[in-house]
Amino acid sequence: MNGLYSQREGKTIWFSEAGTRYICDVMSEHLGRAVTAAEAEGIFGRYADYDADFRKRILQARDEASLIPVGPEELERMVDMARTEGVVLHKVDQKWAAPGAWLMGKPSLPDHIPWPVVTHRDGGKVPLTFVAQINLGQLPPTAILPKSGMLFFFVDMTSPLNDELVAARVLCSEQVFDDERPLRSDGPASKAKAIPVAATKAQCCNCTVFDSKDFREAALAANEVHLAEARRAELVPALPQKRWFQLRPPRGPALDDQLRHCMLLGPDIGGWEDFEDVSRVPLLTLDASDPDLGLTDLEWPSRPVTFTIRENDLRARNFDAVQAVLRG
């Protein structure tokens with residue numbers, strides 16, 4: 001499987017085998033010599049060094065390559081390569097909740113960590129609103145989320161309707177606190193009461209891994225299957241000492257209305273192909289249309305808000321690099 005470097009924030013976008021050959025042929029024709037896949041990747045990386053006609057033809061070739069049909073065996077390999085794991089956050093009674101994890105309410109932010117503030121264009125300073133805290137040690141394990149620590153999510157609720165990017169901060173504490181820690185009240189808390197959450201592991205396909213129409217359709221179809229599996233599941237304790245849960249065959253009501261809030265997944269469980277910057281992953285998505293969050297009366301449209309971060313920043317626990325995106 002061949003990958004070609006794309007100028008989209010340093011993200012490597014993969015092509016099908018036939019798509020890769022096609023792009024190499026177009027480059028070879030323009031340069032008057034044979035171009036290998038490895039060299040083509042370098043050409044994408046030095047895209048700005050070439051003349052305007054070549055750049056225009058390469059962009060056209062990339063679009064054309066994405067429409068080349070993909071055979072069933074290769075398509076299956078592509079979908080398998082794109083599979084990733086995430087976490088669905090379920091609203092539960094406190095007795096089932098993961099310790100130190102809830103949406104809205106007030107945070108148990110340590111006293112030595114200042115409440116985050118944003119400076120607007122007019123110079124005014126606005127404290128951000130707390131919307132979630134997550135105890136990473138109580139989540140089902142995933143490949144890229146840290147295994148320990150606390151994350152506190154804050155967002156600017158005063159952003160105008162036409163803003164797609166809104167000010168946000170994610171604060172990380174290495175200390176872990178139980179539910180008995182005093183809550184902070186020196187900044188704006190949400191209108192809604194704290195909503196305890198438990199977590200289940202979920203699988204999906206990242207629809208942005210390959211630049212291929214056939215792949216995107218196959219990945220979205222696979223995500224519909226994963227979504228159906230999640231809806232048929234119920235919460236069942238997984239380990240005696242861990243309050244995270246596994247998905248089991250149903251013995252109780254379906255969880256259709258419990259798929260609003262998640263980590264590393266899109267709001268459709270599917271992926272995040274609607275991001276302008278595909279090099280970022282969805283760290284946390286909250287569906288503002290959920291009435292329990294108390295956000296429906298704000299000037300925000302009732303659509304998901306996603307805290308995004310580049311994967312290398314996430315692995316390095318560099319949460320200063322987080323952005324918040326209003327989806328849809």
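Look up a bit, the structure's there.
These remarks concern the structure in this document. Throughout this document, residue positions are counted from 1 along each chain, in the order its sequence is written. Given that this is a predicted model, residues contribute local features only at a pLDDT of at least 70 and side-chain atom pairs are listed and counted only at 80 or more, while totals for whole chains, interfaces and linings are drawn from all residues. Each side-chain value is derived from all of the structure's non-hydrogen atoms; neither hydrogens nor water enter the calculation.

1. Section: the overall build of the protein chain
Now for step 1: A run of H or I in DSSP counts as a helix once it spans at least four residues, and a run of E counts as a strand once it spans at least two, with each numbered from the N terminus. When its secondary structure is counted, the protein chain shows six helices and 17 strands.
Now for step 2: Only protein chains enter the accessibility calculation, which uses a 1.4 Å probe. A residue is then buried if its area is under 20% of the maximum for its type, exposed if over 50%, and partly exposed in between. Relative to its full complement of 328 residues, the protein chain shows a buried share of 52%.
Now for step 3: Contacts are assigned to residue pairs with any non-hydrogen atoms lying within 4.5 Å of each other. A separation threshold of at least 6 residues defines the contact pool for the protein chain, and within that pool the share at least 24 residues apart is 68%.
Now for step 4: Here the accessible surface of atoms and residues is derived via Shrake-Rupley with a 1.4 Å probe, and residues count as covered only by protein chains that are part of the display. Accessible area of the protein chain: about 15,500 Å², with a carbon and sulfur share of 50%.

2. Some words on the nonpolar core
Now for step 1: By size, the foremost hydrophobic cluster in this structure holds 41 residues, and its most contacted members are Leu 89, Phe 153, Leu 283 and Phe 307.
Now for step 2: Listed by contribution, the elements that provide at least two residues to this core are strand S3 (83-91), strand S7 (129-135), strand S8 (150-155), strand S10 (168-173), strand S11 (195-205), strand S15 (280-287), strand S16 (304-310) and strand S17 (323-326).
Now for step 3: Once residues lying within four places of it in the same chain are set aside, the contact partners of Phe 153 are Thr 129, Phe 130, Val 131, Ala 132, Ile 134, Arg 169, Val 170, Leu 283, Leu 284 and Phe 307.
Now for step 4: To qualify as a nonpolar core, a set must consist of buried Ala, Val, Leu, Ile, Met, Phe, Trp, Tyr and Cys residues joined through side-chain atoms within 4.5 Å. Counting residues in each nonpolar core, the second largest holds 14 residues, with Ile 43, Phe 44, Phe 54 and Ala 61 among its members.

3. Topic: the pattern of salt bridges
Now for step 1: By convention in these notes, a salt bridge is any Lys or Arg side-chain nitrogen within 4 Å of a carboxyl oxygen on Asp or Glu. For the coordinates displayed, the defined rule picks out 13 salt bridges.
Now for step 2: Glu 64 is the partner of Arg 57 in a salt bridge, and the nearest nitrogen-oxygen pair spans 3.4 Å.
Now for step 3: Overall, Arg 57 belongs to the partly exposed group, its relative accessible area being 26%.
Now for step 4: Among the salt bridges present, the one from Lys 201 reaches Glu 85, with a minimum N-O distance of 3.8 Å. Separated by 116 residues along the polypeptide, Lys 201 in strand S11 and Glu 85 in strand S3 bring together distant segments of the chain.
Now for step 5: In this structure Lys 201 comes out as partly exposed when scored by relative accessible area, which is 32%.
Now for step 6: Sharing partners across several salt bridges, the network here consists of Lys 91, Asp 290 and Asp 292.

4. Considerations on the environment of Ile 43
Now for step 1: Counting through the fold element by element, Ile 43 comes out in helix H2 (residues 37-45).
Now for step 2: Judged by relative accessible area, Ile 43 falls into the buried class, the value being 3%.
Now for step 3: Note: C-alpha distance between Ile 43 and Met 27 (16 residues apart in sequence) is 8.9 Å.
Now for step 4: Among residues more than four places away in sequence, those in contact with Ile 43 are Met 27, Leu 31, Val 35, Tyr 50 and Phe 54.

5. Comments concerning the side chain of Thr 200
Now for step 1: Of note, Thr 200 is situated in strand S11.
Now for step 2: Using a relative accessible area of 2% as the deciding quantity, one classes Thr 200 as buried.
Now for step 3: At 2.8 Å, the side chain of Thr 200 and the side chain of His 90 are in polar contact. Polar contacts, as counted here, are pairs of nitrogen or oxygen atoms within 3.5 Å of one another; within protein the pair requires one atom able to donate a hydrogen and one able to accept it, and residues that are adjacent in sequence qualify only if both atoms are side-chain atoms.

6. A few points about the packing of helix H1 (residues 17-31) against helix H3 (residues 52-66)
Now for step 1: At a minimum axis distance of 9 Å, the contact between H1 and H3 shows a crossing angle of 160°. With respect to each other, H1 and H3 are oriented roughly antiparallel. Every pair of crossing elements has a handedness; the one defined by H1 and H3 is right-handed. Mapping the contact onto sequence places Gly 19, Tyr 22, Ile 23, Val 26, Met 27, His 30 and Leu 31 in H1 and Phe 54, Arg 57, Ile 58, Ala 61, Arg 62, Glu 64 and Ala 65 in H3. Axis angles are defined between N-to-C directions and span 0 to 180 degrees, where every axis is a line fitted to C-alpha atoms and, for a helix, only to the segment in contact. Relative orientations are named as follows: roughly parallel for angles under 35 degrees, roughly antiparallel for angles over 145 degrees, roughly perpendicular for angles from 65 to 115 degrees, and oblique for any other angle. For any helix crossing, the convention is left-handed if the near helix is rotated counterclockwise from the far helix by under a right angle, and right-handed if that rotation is clockwise.

7. Topic: H2
Now for step 1: Those residues of H2 not exposed but buried are Ala 40, Ile 43 and Phe 44. Take H2 and look down its axis: the buried residues cluster within an arc of 100°, on one side only. Summarising the geometry, the arc corresponds to the directions from the helix axis toward the C-beta atoms.

8. Digging into the environment of Arg 55
Now for step 1: Its location among the elements puts Arg 55 in helix H3.
Now for step 2: Measuring from C-alpha to C-alpha, the distance between Arg 55 and Phe 44 comes to 9.3 Å, with 11 residues separating the pair along the chain.
Now for step 3: The contact partners of Arg 55, leaving out residues within four places of it in the chain, are Tyr 47, Ala 48 and Tyr 50.
Now for step 4: From its side chain, Arg 55 meets the backbone oxygen of Tyr 50 in a polar contact 2.3 Å long.

9. So, H1
Now for step 1: How far a helix is expected to stretch is found by multiplying one less than its residue total by 1.5 Å. Between its first and last C-alpha atoms H1 spans 21 Å; for 15 residues at 1.5 Å apiece the expected length is 21 Å, and the two agree.
Now for step 2: Listing the buried residues of H1 in full gives Gly 19, Thr 20, Ile 23, Cys 24, Val 26, Met 27 and Ser 28.
Now for step 3: Directly after H1, the chain includes Gly 32, whose backbone phi takes a positive value near 75°.

10. With respect to the packing of aromatic side chains
Now for step 1: Put simply, two rings from Phe, Tyr or Trp (the six-membered ring, in Trp's case) pair if the centres are within 6.5 Å, and we call them stacked under 30 degrees between planes, edge-to-face over 60, tilted for the rest. Throughout the structure, instances matching the rule amount to six aromatic pairs.
Now for step 2: When the ring of Trp 14 is compared with that of Phe 210, the centres are 6.3 Å apart and the planes differ by 55°; the resulting orientation is tilted. Of this pair, Trp 14 sits in strand S2 (residues 12-14) while Phe 210 sits in the loop between S11 and helix H5 (213-231), and the two are 196 residues apart along the sequence.
Now for step 3: What links up through ring pairs into an aromatic cluster is the set Trp 14, Phe 210 and Phe 215.

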